[in-house]
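Reading the structure
What follows is each chain in one-letter form.
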Amino acid sequence: MGKLVELERSVSEGRRGALEFPVRQGQKPGGVENFQTTLRNRIGCAGIGLHSGEQVRFTIYPAEADSGIIFRRMDLRGAKGLAGENICVQARYDTVSNTQLGSTLANEAGVSVATVEHLMSAFSGCGIDNARVDLDGPELPVLDGSAVPFVVLLECAGVSRLTARRRYIRILDTVSVSEDGKRVSLSPHDGFVLDFEIDFPASIIGRQAYVFQSGPGQYKTEIAPSRTFGFLHEAEHLKSLGLARGGSLQNAIVLDGENVLNEGGLRFPDEFVRHKILDAMGDLYLAGAPIIGRFDAVRAGHALNNKLLRTLFNTPNAWEYVEWPVGAERQTGAAPQRNLRRAARG
Ligand SMILES: [Zn+2]
């Protein structure tokens, strides 16, 4: 909560500036939008939870401006010792409670929602700021292991533009976290770019790098279809521990040595690294607002992505809230100029 107060204070103290991107009049960097959005209609779906192996039903509802993404565990409604609001879990970097096999969120009452990253990624890629997600189990269904089913649901529900202005988190200074040969960073950039590199001993994956420049429509074709992946021997080990019970060829790329076991093979030759970008977009959307900056990652995962956000929000000078400027709100100042030069250096 302290961090949230800190975020709010930084806004009220006037650190909210205007974007000053090196782009032509009227042209916006990919995905930049003035107003907050939500869904036009509610929409739902059901599927198997990756870890529980059990059927989970969820419904995504429109939500008002500034509410963000909220999960609600309907199966715990009326449960002993739980007050009504305690079944809600806000999707935010500081509610992340576990990053072992995906990103799990939990509230102060210990109510948790697991495997949120693919839906969060779809919210990010489709530009949805506010939604409430009711579910009747401990984790979101894995569906086909990619974000496409979620994107299709969001598209079917439709997007509704709200009257409240959207806030962005603009990166002002580079923050980075590294650990055991893994590295992630966020640095100033005029748009949202993710640059990911992975390096696996298995040559079927090997070294793959991908740069994703976020923009309207690109997420759906370049990133969303990529599926989660794992090795057969790992899956067997996880199942022996009672995990990944729902994992199958229907919801993950399964590798056995150098072979892809899925009929039909890969959706992209570099599907693995694209999926890492899919996951990172979901994890970074837990910042609570879209990021304007560049994300670089080498061999990282959910744990490091979350550490990066925690480091960012513990470094007040490294970021600020901004809105896309219109008319008189447009202003220039020392910080934007500084960032213009950085952006120009690339
Ligand atoms: Zn994933």
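Use the structure listed above.
Quick summary incoming for the structure in this document. (Residues numbered from 1 in each chain as written. Predicted model: local features only at pLDDT ≥ 70, side-chain atom pairs only at ≥ 80, totals over all residues.)

Digging into the overall build of the protein chain
Looking only at helices and strands, the protein chain features 8 helices and 21 strands. The proportion of buried residues among the 346 residues of the protein chain is 42%. Nonlocal contacts in the protein chain, meaning residues at least 24 apart in sequence, comprise 76% of its contacts between residues at least 6 apart. (Helix = DSSP H or I, 4+ residues; strand = E, 2+ residues; numbered from the N terminus. Buried ≥ 20, exposed ≤ 12 C-beta atoms within 10 Å, placed from the backbone. Contact = placed C-beta atoms within 7 Å.)

Notes on the environment of Gln90
Position of Gln90 among the secondary structure elements: in strand E6 (residues 88-90). A tally of 16 C-beta atoms within 10 Å means that Gln90 is categorised as partly exposed. Each C-alpha atom of the pair Gln90 and Leu286 lies 9.2 Å from the other, and the pair is 196 residues apart in sequence. Those residues in contact with Gln90 that sit more than four places away from it in its chain are Gly68, Ile70 and Thr95.

Digging into the sheet that holds strand E19 (residues 259-260)
Overall, mixed pairing links the 3 strands, which are arranged E17-E18-E19 in an open sheet. The open sheet has two free edges, formed respectively by strand E17 (229-231) and E19, since each of these has just one partner strand. Note: strand E18 (residues 253-256) against E19, 2 bridges, orientation antiparallel. Opposite Asp256, over in E19, you have Asn259 as the bridge partner. In this fold helix H5 (residues 232-240) packs onto E17 and E18, with an angle of close to 85° to the strand it touches most, E17. (Pairing = 2+ DSSP bridges. Axes fitted to C-alpha atoms, helices over the stretch in contact; angles between N-to-C directions.)

Quick word on the environment of Asp136
Looking at the secondary structure, you find Asp136 in the loop between strand E10 (131-135) and helix H3 (148-157). Sequence-wise, Asp136 and Arg72 are 64 residues apart; in three dimensions their C-alpha atoms are separated by 8.4 Å. Ignoring anything within four residues of it in the chain, the contact list for Asp136 reads Val56, Arg57, Met74 and Asp75.

So, the packing of helix H2 (residues 117-126) against H3
At a closest axis distance of 9 Å, the pairing of H2 and H3 adopts a crossing angle of 50°. Taken as axis vectors, H2 and H3 run oblique relative to one another. Two packed elements cross with a definite hand, and for H2 against H3 that hand is right-handed. In this structure, H2 contributes His118, Leu119, Ala122, Gly125 and Cys126 to the contact, and H3 contributes Phe150, Val151 and Leu154. (Parallel < 35°, antiparallel > 145°, perpendicular 65-115°, else oblique. Left-handed = near helix turned anticlockwise from the far one by under 90°.)

Some points on the sheet that holds strand E8 (residues 104-106)
Taken in spatial order, the 3 strands line up as E7-E8-E9 in an open sheet, and their pairing is antiparallel. Taken across any chain shown, the strands that pair with only one partner, and hence form the sheet edges, are strand E7 (96-98) and strand E9 (112-113). Bridge count for E7 against E8 is 2 bridges, and the pairing is antiparallel. Along E8, the bridge assignment pairs Asn98 with Thr104.

Focus: the packing of helix H6 (residues 271-284) against helix H7 (residues 302-313)
Each pair of packed helices can be described by the angle between their axes along with the distance between the axes. Following both chains from N to C, one finds H6 and H7 inclined at 35°, their axes separated by 10 Å at the closest point. By crossing handedness, the relation of H6 to H7 is classed as right-handed. When H6 is examined against H7, the residues Asp279, Ala280, Asp283 and Leu284 are found in contact with a partner set consisting of His302, Asn305, Asn306 and Leu309. Residues belonging to the contact of H6 with H7 are distributed by class as follows: 3 nonpolar, 3 polar and 2 charged. (Nonpolar A, V, L, I, M, F, W, Y, C, P; charged D, E, K, R; others polar.)

Here's the deal with unusual backbone geometry
The phi torsion at Asp66 lies on the positive side, around 70°, for a residue other than glycine. On the secondary structure map, Asp66 appears in the loop between strand E4 (55-62) and strand E5 (69-73). Since 11 C-beta atoms lie within 10 Å of it, Asp66 is described here as exposed. With phi around 55°, Arg299 is a residue other than glycine that occupies positive phi space.

Things to note about the environment of Ile87
As for its position among the elements, Ile87 is in the loop between E5 and E6. The class for Ile87 is buried, based on 20 C-beta atoms found within 10 Å. When the C-alpha positions of Ile87 and Arg73 are compared, they lie 5.2 Å apart, and in sequence the two are 14 residues distant. With residues up to four places along the chain from it excluded, the contact list for Ile87 reads Arg72, Arg73, Leu76, Arg77, Leu82 and Val111.

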